[in-house]
Amino acid sequence: MTTSQPVSTAVKKKRLFLVDGMSHIFRAFYAIRGLTNSQGVPTNAVFGFASMLRKLVRQYQPDYIAIVFDGMKPTFRHESFEGYKANRAAMPEDLARQIPLIRKLCEALHLPILEIEGFEADDIIGTFSQRAEQEVLEAVIVSNDKDMFQLVTEQVRVLHQAKADILFDSAKVEEFFGVPPSQVVDVLGLMGDSVDNVPGAPGIGEKGAKELIKQFGSIDKLLEQPDKVSRKTYRESLQLHRDQILQSRQLVTIHTAVPLDWNLAELQS
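Residues numbered from 1 in each chain as written. Predicted model: local features only at pLDDT ≥ 70, side-chain atom pairs only at ≥ 80, totals over all residues. Heavy atoms only, no water.

### Some remarks on the overall build of the chain
Move 1: Helix and strand counts for the chain stand at twelve helices and six strands.
Move 2: Principal axes of the C-alpha set define a box for the chain whose edges measure 80 × 60 × 35 Å.
Move 3: Relative to its 269 residues, the chain shows a buried fraction of 46%.
Move 4: Restricting to contacts in the chain with at least 6 residues of sequence separation, those with at least 24 account for 67%.
Move 5: On the chain, roughly 14600 Å² of surface is accessible, and the fraction owed to carbon and sulfur atoms is 50%. (Helix = DSSP H or I, 4+ residues; strand = E, 2+ residues; numbered from the N terminus. Buried < 20%, exposed > 50% of the residue type's maximum accessible area, 1.4 Å probe, protein only. Contact = heavy atoms within 4.5 Å. Areas by Shrake-Rupley, 256 points an atom, 1.4 Å probe, with all protein chains shown as cover.)

Structure below.
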């Protein structure tokens, strides 16, 4: 008498890919130089962006996909902190001229664009990835931005595409960044971000921030007992810049309640 093997009833979850649009556009612009059309209009970012998207779709065959852009108007972060992103240089003119062409490219390829005024792409991506979880979908965030690590869960992962593709689940985030996704915001808030002009705790930096958060667990617990921090410069920074540190954590926190319509059918690839 033979016994039959149990038949798996697991159903593969459908996947939603959320592409950080400007992150990819900047990568394309600096990776490929010198391309123009017959009228002399630069096309290097358009060509590079198209190549990246075609490779992404061909390689991973997502069920749903969207290209996510920042809104044009200031966000709630600018309102809460006047210096937010104040140090950023203006977009190169050769790149700015290509943004409308890239939008037309997305339309031609039937790739929907998601953007809402007053919100950054990160917040839109965070909101959609959380809703994907609720719909029992897998969400893959395509971005090289370390801020996205805070969104990683069992059903949300981050795909880095540089020299080689790296897919970050919770274990990979902790291995690469030094803390699990639940502590990423605390590390980012403590270390600050010079690109976005987020001050953080002066004198503590990335290495010190990771060490402190791993030791104390969170910014809140750290600020409750700064006297237990052995290094004098760290201890004094925590004591003198408490409000600034808490505000920095708010600035780097990705919001996941952006008021947007959830129409998954429009995102079918």
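### Quick notes on helix α1 (residues 21-31)
Move 1: If you check which residues of α1 are buried, you get Gly21, Met22, His24, Ile25, Ala28 and Phe29. An end-on view of α1 places all buried positions within 160 degrees of arc, on one side of the element. (Arc of directions from axis to C-beta.)

### Examining the packing of aromatic side chains
Move 1: Here the structure, examined in full by the defined rule, presents eight aromatic pairs.
Move 2: Taken together, the aromatic side chains of Phe149, Phe168, Phe176 and Phe177 make up a single cluster linked through ring pairs.
Move 3: One Lys or Arg, Arg33, reaches over the ring of Phe29 and ends 4.6 Å from the middle of that ring.
Move 4: Across the ring face of Phe69, the terminal group of Arg103 is positioned such that the distance to the ring centre comes to 4.9 Å. (Phe/Tyr/Trp six-rings, centres within 6.5 Å; stacked < 30°, edge-to-face > 60°. Lys NZ or Arg CZ within 6 Å of the ring centre and 35° of its normal.)

### As for the pattern of salt bridges
Side chains that carry opposite charge are capable of pairing whenever their charged atoms lie near each other.
Move 1: Inspection of every chain in the model, using the stated rule, returns eleven salt bridges.
Move 2: Of the charged contacts in the structure, one is a salt bridge between Asp123 and Arg77, with a shortest N-O distance of 2.7 Å. Here Arg77 lies in helix α3 (residues 76-80) and Asp123 lies in helix α6 (residues 121-134), a separation of 46 residues in the sequence. Taken as a pair, Asp123 and Arg77 share a single burial class, namely buried. (Salt bridge = Lys/Arg side-chain N within 4 Å of Asp/Glu carboxyl O.)

### What about the side chain of Asp186?
Move 1: With respect to the secondary-structure elements, Asp186 resides in helix α8 (residues 181-191).
Move 2: At a separation of 2.9 Å, a polar atom in the side chain of Asp186 contacts the main-chain amide nitrogen of Ile219.
Move 3: Excluding its chain neighbours within four sequence positions, the residues that come into contact with Asp186 are Ile213, Ser218, Ile219 and Arg249. (Polar contact = N/O pair within 3.5 Å; in protein donor to acceptor, adjacent residues only side chain to side chain.)

### Some thoughts on the confidence of the model for the chain
Move 1: Per-residue confidence for the chain gives a mean pLDDT of 92, with 96% of residues at or over 70.
Move 2: Model confidence for the chain, summarised as mean pLDDT per element, is weakest for α3 at 90 and strongest for α8 at 98.
Move 3: Under a pLDDT of 50 for its full length, residues 1-9 has, in the predicted model, zero contacts with residues more than four places off or in other chains. (pLDDT = per-residue confidence, 0-100.)

### Brief notes about the packing of α8 against helix α9 (residues 205-216)
Move 1: Close contact between α8 and α9 brings their axes to 8 Å; oriented N to C, the two are set at 135 degrees. When the axes of α8 and α9 are compared, the pair comes out oblique. When the axes of α8 and α9 are compared, the crossing they make is right-handed. Taken together, the residues of α9 that come into contact with α8 (itself represented by Gln183, Asp186, Val187, Leu190 and Met191) are Gly205, Glu206, Ala209, Lys210, Leu212 and Ile213. (Axes fitted to C-alpha atoms, helices over the stretch in contact; angles between N-to-C directions. Parallel < 35°, antiparallel > 145°, perpendicular 65-115°, else oblique. Left-handed = near helix turned anticlockwise from the far one by under 90°.)

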